[in-house]
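# Breakdown of the fold
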Amino acid sequence: MTTHEMAPDSAVTEHKAVGEESLAPQETRIMDPWSYLFAWLGGCVSIGTFTVGSGLVGTLNLLQTFVAIAIGCTVIGVALMINGQAGHKYGIPFMVQARSAFGFTGTRIPALVRSVPAIVWFGFQSWIGAGALNLVSDTLFGYSNIWVFFVGFQALQIGLSVLGFHGIKWLENIGSVFIIFSLIYMFFSVIDKYGAEISDNLINVEGTWGAPFWGGTMLFLGIYSTMMLNVSDYARELRKNVGPLRQVVIYANSILPATLFMGLIGLMVSSATGEVDPIKVFSSAVDNKLLLVVTLLFIAFAQVTTNILNNVVPPAYALMDVFKVNFKTSAVIVGLLAFGTFPWELVKDESAAGLSLFIRTYSAFLGPIFAILVVDYYVLRRRNLNLAKLYDPEGPYKGVNMAAVIAMVVGVVFALIFSGISWYASLLPSGVLYYLLMQHLPSAQRFREN
């Protein structure tokens, strides 16, 4: 077969209905640049960003935090563009893109690394959203039952998830307007209420431009490092006439506002009050009942937009690949699995250490896998993929490519040793080693075929 000939099960998807997502090469591009920007904006309003900002209290001042976020978001934008080119050019998802580097069976390793955190965060953020809705109900009607709201909130998200990228497009387009105005409102409300404390604790302090500052850029970058792996899942939806430079602009300008507002709000409020629980923070920062309700609804809505884009699509595609189920079934399974993460336990103070260890553990894999995918596509394949082989389970990519596995393990070791800058530290060792092993490891010879 030639590069453009494909196996029968990889027939190009020319059209797709609502919820009819497929792993096949996709010609249908449902997102224009503005829709794509709004999707990323809505998907990046994460409570995790607020928590990261809170964690920098006592380390960086306000200016240093602003610069750290700007640097982190610029790196994120470039990284997303680089690794998303395969998906954008060929219309293939992450699960297919990774086959040339890891093999059909080996692809389950990066799929697991991407999917497990997504399901855990799906449950965690759903509990946060349910808590916000419960507080709204208690404030307005005097009714409080977190379990009722959690189950209902999860059911709502599962229902929206099965709509696929058509649903994501319109949810994010409409929701982004609400998100933007809510973020601006909360930002200035915090400044108005805690201006004196912010000035004393964040503006008139020295901070540092040393290692902790660069570690700060890593923290904000780390929030999106999972998305850097499966960015092809999203880039395949973007119209083909949007070039690489324009893609960087879209990524950076969608991620930056969300990260900047959430990170700085977390930093400012936590420095003034010592509180890190986002619901308690926002409820204490707002005196007007109506505005409190709007703020809490924003928190809940932000969890929906983040979960459906970031935490449903990756594990759903993984389930489609491994178990050969359709997207709608996969989305429902992902939503049900989120119940099994016991998020009500994860939010407890005594669970913080375990959750932090979980984040550090899976984060150590993200840089190495990213480096391997980039070296494979740009250096070894020279941006030229053979779709027939990518969809042939008995072809040269059958099984596991040990070159990728070994390079990943070595990169993980470097990431754990230099945990403060784990993503940066793991890139070069894993990328270079993967390239060398692909040249000299006998078992990798068939994977070099293109």
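Residues numbered from 1 in each chain as written. Predicted model: local features only at pLDDT ≥ 70, side-chain atom pairs only at ≥ 80, totals over all residues. Heavy atoms only, no water.

The subject of this paragraph is the overall build of the protein chain. A tally of regular secondary structure across the protein chain gives 20 helices and 0 strands. Here the protein chain has a C-alpha radius of gyration of 22 Å; the compact-globule value for 450 residues is 22 Å, and the two agree. With the principal axes as the frame, the protein chain shows a C-alpha extent of 65 × 50 × 40 Å. Burial status across the protein chain gives 56% buried among its 450 residues. In the structure as shown, the protein chain presents an accessible area of about 17,600 Å², 67% of it carried by carbon and sulfur atoms. Across the protein chain, the mean location of the 25 positive side-chain charges is 10 Å away from that of the 26 negative side-chain charges. (Helix = DSSP H or I, 4+ residues; strand = E, 2+ residues; numbered from the N terminus. Rg over C-alpha atoms; globule rule 2.2 N^0.38 Å. Buried < 20%, exposed > 50% of the residue type's maximum accessible area, 1.4 Å probe, protein only. Areas by Shrake-Rupley, 256 points an atom, 1.4 Å probe, with all protein chains shown as cover. Lys, Arg positive; Asp, Glu negative; His and termini not counted. Charge placed at Lys NZ, Arg CZ, Asp CG, Glu CD.)

Relative placement of two packed helices is described by the angle separating their axes and the distance separating the axes. Axis separation between helix α9 (residues 211–223) and helix α20 (residues 422–440) bottoms out at 8 Å; the angle between their running directions is 85°. In this view, α9 runs roughly perpendicular relative to α20, as classed from their interaxial angle. Contact residues: α9 offers W214, T217, M218 and L221, while α20 offers S422, W423 and Y424. For the contact of α9 with α20, a count of residues per class yields 5 nonpolar, 2 polar and no charged. (Axes fitted to C-alpha atoms, helices over the stretch in contact; angles between N-to-C directions. Parallel < 35°, antiparallel > 145°, perpendicular 65-115°, else oblique. Contact = heavy atoms within 4.5 Å. Nonpolar A, V, L, I, M, F, W, Y, C, P; charged D, E, K, R; others polar.)

In this section: the side chain of S126. By secondary structure assignment, the location of S126 is in helix α6 (residues 108–141). At 2.7 Å, the side chain of S126 forms a polar contact with the side chain of Q154. (Polar contact = N/O pair within 3.5 Å; in protein donor to acceptor, adjacent residues only side chain to side chain.)

Here we take up the nonpolar core. As a rule of thumb, soluble globular proteins bury nonpolar side chains together. Grouped together as the largest cluster of nonpolar side chains are 130 residues, with contacts concentrated most on Y36, W40, F165, F298 and Y434. With residues up to four places along the chain from it excluded, the contact list for W40 reads L80, M227, V231, Y234, Y251, S254, I255 and L309. (Core = buried A, V, L, I, M, F, W, Y, C linked by side-chain atoms within 4.5 Å.)

In this section: the packing of aromatic side chains. For the structure on display, the rule yields 23 aromatic pairs. Each ring, one from W209 and one from F213, has its centre 5.1 Å from the other, and the planes form 55°; the classification is tilted. For the pair F370 and W423, a centre-to-centre distance of 5.3 Å together with 45° between the ring planes defines the contact as tilted. Residue F370 is located in helix α17 (residues 352–380), and its partner W423 is located in helix α20; the two are separated by 53 residues in the primary sequence. Using a relative accessible area of 8% as the deciding quantity, one classes F370 as buried. For W423, a relative accessible area of 4% corresponds to the buried category. (Phe/Tyr/Trp six-rings, centres within 6.5 Å; stacked < 30°, edge-to-face > 60°.)

Predicted confidence across the protein chain gives a mean pLDDT of 86, with 92% of residues reaching 70 or more. Within the model, the stretch residues 1–8 combines pLDDT values under 50 with 18 contacts to residues more than four positions away or in other chains. (pLDDT = per-residue confidence, 0-100.)

A contiguous nonpolar patch, built from V409, V413, F414, I417, F418 and I421 and spanning about 510 Å² of accessible area, is present on the exposed surface. By the element assignment, V413 lies in helix α19 (residues 402–417). In this structure V413 comes out as partly exposed when scored by relative accessible area, which is 41%. (Patch = residues over 30% accessible without salt bridge, like charges linked within 9 Å, V, L, I, M, F, W, Y side chains within 5 Å. Salt bridge = Lys/Arg side-chain N within 4 Å of Asp/Glu carboxyl O.)

In this section: the environment of I191. Its place among the elements puts I191 in helix α8 (residues 164–203). Separated by 111 residues in the primary sequence, I191 and L80 place their C-alpha atoms 33 Å from one another. Excluding its chain neighbours within four sequence positions, the residues that come into contact with I191 are I198 and M268.

Here the focus is the pattern of salt bridges. Counted under the stated rule, the structure contains 5 salt bridges. A salt bridge links E20 to K328, with the nearest nitrogen and oxygen atoms 3.7 Å apart. In this pair, E20 sits in the segment before α1 (33–43) while K328 sits in helix α15 (residues 327–339), placing the two residues 308 residues apart along the sequence. R99 is paired through a salt bridge with D321; the nearest N and O atoms lie 2.6 Å apart. Of this pair, R99 sits in helix α5 (residues 99–102) while D321 sits in helix α14 (residues 289–323); the two residues are 222 residues apart in sequence, bridging distant segments of the chain. Accessibility classification places R99 together with D321 in one group, the buried group.

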